[in-house]
Amino acid sequence: MPISALRWHRRTRMPTALALTAALGLALCGCGATAETGRGADARASARASAGTGAEGRRNTAVRAALRRLAERADAPGAAVLVRRTDGDTRFIASGVADIRTGRRVHRDDHFRAGSLTKTVIAAVTLRLAAQGRLGLDDTVEEHLPGLVRGQGNIGRNITLRQLLNHTSGLFDYTADPVLARQLAEAADRTHTPASLVRTALAHRPRSAPGAAWHYSNTNYVLLGMVIERATGRSYAAEARREVLAPLGLRGTSFPGARTALPAPHGRGYTRDGGTRSGGARRDVTELNPSSAGAAGELISTLDDLARLVSGLLRGEAAPRAELRRMRDTSASGGRYGMGLFPVRLPCGVTLWGHNGEINGSYVLAVATSDGRHTLVYRLNSTAGSVPADETSLLEAEFCARP
């Protein structure tokens, strides 16, 4: 089924005053209660979320109301949120349906497309390789991919891996190319190679000189995927499984490559012709060849896995502490973005860290407190994403509630 445009690179809906072009987030095992899966786990987690009394009951009520409002205003048939704390508290709340044809509800262990949360994994892999001495953050792109980045003022020997990671390379975002957008609209099942995506970007002049300014660009992470393959002799997907997914026990997370189907169990993903609230027909866009997203956005995951990933990263279990500091260093972006993570500053003074992601039929946000001990992941089964104020309300309901 054709898609309307490249939608996994949408503007990040951060619940802060900062405007950020992006898409996001993740988590880890060993940092809380053992994940429950299946419909029985859904029922137990939902029951706990409904049975709280006092302050906890008020918190759950506020989170549930905020999730419903998010789904309604984002024109999403279904929504779900998973909250985990390292003291063993886990709550799952769902609203609406995962499949408008059958009426199937959203399940906790459903697989879905996570979009630019892929960047969090790729950043962690790159930094782990740097810690092992297999590459250096100040290496140039030319050193690893000789002759690739050139033309139209793009010079690979002037761009470092550090600048790819923090989006200061200046490279044009290939997803903004109108010709590619038309190709994807006409043939969503077409396979695209990383080299072809990079060539699309290099047909454009850079947005700025390397290191001169911050511009979110999916091209950066496609290049990082290629660098990982050159440095290790393995695909970035294989290296991610080896360095991040397997150590953290992320069994429901995968890199599909050109596979169009989601693993079971899963619901459906939707979009509207003409955009949200346009009155256009709602279309099922579950089947998708994500090769056009690649190392910038192809990831498939689950709520539990993304919670483990974010928590694990922030607790130093997925990258060495020095590398984690680099992931959270936002000095190059004026406070907006680090390396595969960004800060979410709530009005109550709490700062969360994570990432979001948007791809056809799916929007997700995964964040945690700075110590990784309190995590929230939510998802919508629509392309539209969330209204920033509504996303802020959901996070405030969970992280800013008074005792």
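Computed from a predicted model, the values in this text were never measured in an experiment.

Conventions used here
All residue numbers refer to positions counted from 1 along the written sequence of the respective chain. Only residues with pLDDT of at least 70 get local features here, since the model is predicted, and only at 80 or more are side-chain atom pairs given and counted; chain-wide, interface and lining totals rely on the full set of residues. Side-chain measures were taken over the full set of non-hydrogen atoms in the model, leaving aside hydrogen atoms and water. Think of it this way: a Phe, Tyr or Trp ring, Trp meaning its six-membered ring, pairs with another when their centres are within 6.5 Å, and the plane angle makes it stacked under 30 degrees, edge-to-face over 60, tilted otherwise. Helix and strand definitions follow DSSP, with helices as H or I runs of at least four residues and strands as E runs of at least two, each counted in order from the N terminus. Classification of residues uses two cut-offs on accessible area relative to the type maximum, computed with a 1.4 Å probe and protein chains only: under 20% is buried, over 50% is exposed, and between them is partly exposed. Charge over a ring is defined by NZ of Lys or CZ of Arg lying within 6 Å of the ring centre and within 35 degrees of the ring normal. Here, nonpolar core refers to any group of buried Ala, Val, Leu, Ile, Met, Phe, Trp, Tyr and Cys residues whose side-chain atoms link them within 4.5 Å. Residue contacts are defined here by distance: any two heavy atoms, one from each residue, within 4.5 Å place the two residues in contact. Between any two strands, at least two bridges found by DSSP are needed for them to pair. In this analysis, axes come from line fits to C-alpha atoms, helices being fitted only over the stretch in contact, and the angle between any two N-to-C directions falls in the range 0 to 180 degrees. Think of pLDDT as the predictor's per-residue confidence, scored from 0 to 100. Here roughly perpendicular refers to angles of 65 to 115 degrees, roughly parallel to angles under 35, roughly antiparallel to angles over 145, and oblique to all remaining angles. Crossings are classed by handedness, with left-handed meaning an anticlockwise turn of the near helix from the far one by less than a right angle and right-handed meaning a clockwise turn. Gly falls in the polar group here, along with every residue not listed as nonpolar (Ala, Val, Leu, Ile, Met, Phe, Trp, Tyr, Cys, Pro) or charged (Asp, Glu, Lys, Arg).

Another point: the packing of aromatic side chains. What describes a pair of aromatic rings is the distance from one ring centre to the other and the angle between the planes of the rings. Applying the stated criterion to the full structure yields five aromatic pairs. A ring pair is formed by Trp 214 and Tyr 337, whose centres lie 6.2 Å apart and whose planes are at 40°; its orientation type is tilted. Here Trp 214 is found in the loop between helix H7 (194-202) and helix H8 (218-232), whereas its partner Tyr 337 is found in the loop between helix H11 (321-327) and strand E11 (342-345), with 123 residues between them in sequence. The buried category is assigned to Trp 214, whose relative accessible area is 10%. Geometrically, the ring pair formed by Tyr 216 and Tyr 337 is edge-to-face, given 6.0 Å between the ring centres and 80° between the ring planes. Taken together, the residues span a long stretch of sequence, with Tyr 216 in the loop between H7 and H8 and Tyr 337 in the loop between H11 and E11 at a distance of 121 residues. For the pair Tyr 216 and Tyr 337, a shared accessibility class is recorded, and that class is buried. An aromatic cluster of at least three residues, connected via ring pairs, comprises Trp 214, Tyr 216, Tyr 337 and Phe 342. Directly above the aromatic system of Tyr 221 lies the positively charged group of Lys 119, at a separation of 6.0 Å from the ring centroid.

Let us now look at the nonpolar core. In this structure, Val 121, Phe 255, Leu 376, Tyr 378 and Leu 395 are the most contacted members of the largest nonpolar core, which totals 97 residues. Tallying contributions element by element places helix H3 (residues 118-131) first for this core, with eight residues. Leaving out residues up to four positions away in the same chain, Leu 376 has contacts with Val 81, Leu 82, Val 83, Leu 365, Ala 366, Val 367, Leu 394, Leu 395, Glu 398 and Phe 399.

Moving on: the environment of Gly 257. Among the structural elements, Gly 257 can be located in the loop between helix H9 (236-245) and strand E8 (270-272). The partly exposed category is assigned to Gly 257, whose relative accessible area is 28%. Along the primary structure Gly 257 and Ser 291 are separated by 34 residues, whereas in three dimensions their C-alpha atoms are 5.6 Å apart. Beyond its immediate sequence surroundings of up to four residues, Gly 257 is in contact with Asn 289, Pro 290, Ser 291 and Glu 298.

Read from one edge to the other, the open sheet built from six strands follows the order E4-E3-E14-E13-E12-E11, with strand pairing classed as antiparallel. Where the open sheet ends on each side, the last strands, each with one partner, are strand E4 (90-96) and E11. Taken over all neighbouring pairs, the strand axes of this sheet differ in orientation by 20° on average, direction set aside. Contacts from helix H10 (residues 303-314) reach strand E3 (78-85), E4, strand E12 (351-359), strand E13 (362-369) and strand E14 (374-380), with the element oriented near 145° to E14.

Moving on: unusual backbone geometry. With an omega of -5°, the peptide bond running from Ala 264 to Pro 265 counts as cis. Residue placement: Pro 265 occurs in the loop between H9 and E8. A positive phi angle, near 55°, is found at Gln 152, a position not held by glycine. Tracing the chain through its elements places Gln 152 in the loop between strand E6 (150-151) and strand E7 (154-155).

Before going further, it helps to examine the pairing of E11. Relative to E12, E11 runs antiparallel, the two sharing four bridges. Bridge pairing in E12 links Phe 342 to Gly 354. From the end of E11 to the start of E12, which pair antiparallel, there are five residues, and Gly 349 there has a positive phi angle of about 100°.

This next bit is on the confidence of the model for the protein chain. Averaged over the protein chain, the pLDDT score is 87; the fraction of residues at 70 or greater is 85%. Taken as a whole, residues 1-41 scores under 50 in pLDDT and shows 178 contacts with residues more than four places along the chain or in a different chain.

Another aspect to go through is the packing of helix H2 (residues 54-73) against helix H12 (residues 388-399). Orientation of H2 relative to H12, taken along the N-to-C sense of each, is 165°, at an axis distance of 8 Å. Viewed along their axes, H2 and H12 adopt a mutual orientation that is roughly antiparallel. Judged by the sense of rotation from one axis to the other, the crossing of H2 with H12 is left-handed. Taking contact as the criterion, the partners of Arg 59, Ala 62, Val 63, Ala 66, Leu 67, Arg 69, Leu 70 and Arg 73 in H2 are, on H12, Asp 390, Glu 391, Ser 393, Leu 394, Ala 397 and Glu 398. Partitioned by chemical class, the residues of the contact of H2 with H12 number seven nonpolar, one polar and six charged.

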